[in-house]
Structure formats: C-alpha cells, structure tokens
Amino acid sequence: QVHLVESGGGLVQAGGSLRLSCAASGSIFSIGAMGWFRQAPGKQRELVATITRGGSTNYVDSVKGRFTISRDNAKNTMYLQMNSLKPDDTAVYYCAAKSVGTMKYGYWGQGTQVTVSS
C-alpha cells in the first residue's frame, strides 16, 4: 500500500508561483509513474502533468512552459513547480501514483487547494 500526502497549496495572486509537494510512504518500491491532477468547481478532473520513474515528463497544453513536474526518488517526493499562475489554475490539486506495470492511477492523495486571485 502507498500513502500520498500533498502540501504547498495556498492563495496567490495572478502571475505568482507556488510549489506543491507530494510525499510518498509505504510500499514505495512499487511506485511507477506519478502525476498531478486538478479539479476546479463544476469541472471534471484534469490530468496536469506526469512523470515516469526515469524522469520523462508530459504536460497538458494549458500549463506547458509554466509548470514543471519533478521527483526525488531518494526523498520519495514529487513536486509541481507552478509559475505565472492564472485564475484558471484555481483548483484542488491531487497527486497520484501507479504501481509498476499497471496503467491505472491506484493511489491518490487527499488534495491541496490552489487559489489564484486576479
């Protein structure tokens, strides 16, 4: 079993920055790819960025050039550096992880609120 805990959310003005962290514990050896999702009020959950165990990354078009996903396997922690934040980035952000060899994100954090004021 894997336990994920996000931190780093908060209130920031448009144009500002935040860094989210996702600390993993438990059966961390089983973790494969990880990702950040977000869900705004009244909207579907959206995949924001992903990172493999080897460090390959992908981003949704709306955050390319502004957000950077990274992971420190030695610290069992994943990060999302968010720059040039916009009001549309306001959402609850969740970290998620896949077990090695699986296609589905089976582990989820509790979420952290990010609010960007205009």
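Note: the structure precedes this text.
Residues numbered from 1 in each chain as written. Predicted model: local features only at pLDDT ≥ 70, side-chain atom pairs only at ≥ 80, totals over all residues. Heavy atoms only, no water.

S.K.: With reference to specific residues and values, describe the overall build of the chain.
M.R.: Counting its secondary structure elements, the chain contains zero helices and 11 strands. Secondary structure of the chain in N-to-C order comes out as β-β-β-β-β-β-β-β-β-β-β. What you see for the chain is a C-alpha radius of gyration of 13 Å, in line with the 13 Å of a compact globule of 118 residues. Principal-axis analysis of the C-alpha atoms gives the chain an extent of 40 × 25 × 25 Å. (Helix = DSSP H or I, 4+ residues; strand = E, 2+ residues; numbered from the N terminus. Rg over C-alpha atoms; globule rule 2.2 N^0.38 Å.)

S.K.: Run through unusual backbone geometry, naming residues and quoting values.
M.R.: The residue Asn76 is not glycine, and still its phi comes out positive at about 55 degrees. Here Asn76 lies in the loop between β7 (67-72) and β8 (77-82). A positive phi angle, near 50 degrees, is found at Ser84, a position not held by glycine. Relative to the helices and strands, Ser84 resides in the loop between β8 and β9 (91-99).

S.K.: Kindly report on the sheet that holds strand β3 (residues 18-26), identifying the contributing residues and their values.
M.R.: In a beta sheet, neighbouring strands pair by backbone hydrogen bonds and run either parallel or antiparallel. Within the open sheet, the four strands sit side by side as β1-β3-β8-β7. Their pairing is antiparallel. Looking at the sheet topology across the chains shown, the edges are occupied by β1 (2-7) and β7. Within this sheet the neighbouring strands show an average axis-to-axis angle of 15 degrees, counted without direction. Two strands pair when backbone bridges link them, and β3 and β8 are joined in this way by six bridges, in the antiparallel orientation. Note that in β8 the partner of Leu18 across the bridge is Met82. (Pairing = 2+ DSSP bridges. Axes fitted to C-alpha atoms, helices over the stretch in contact; angles between N-to-C directions.)

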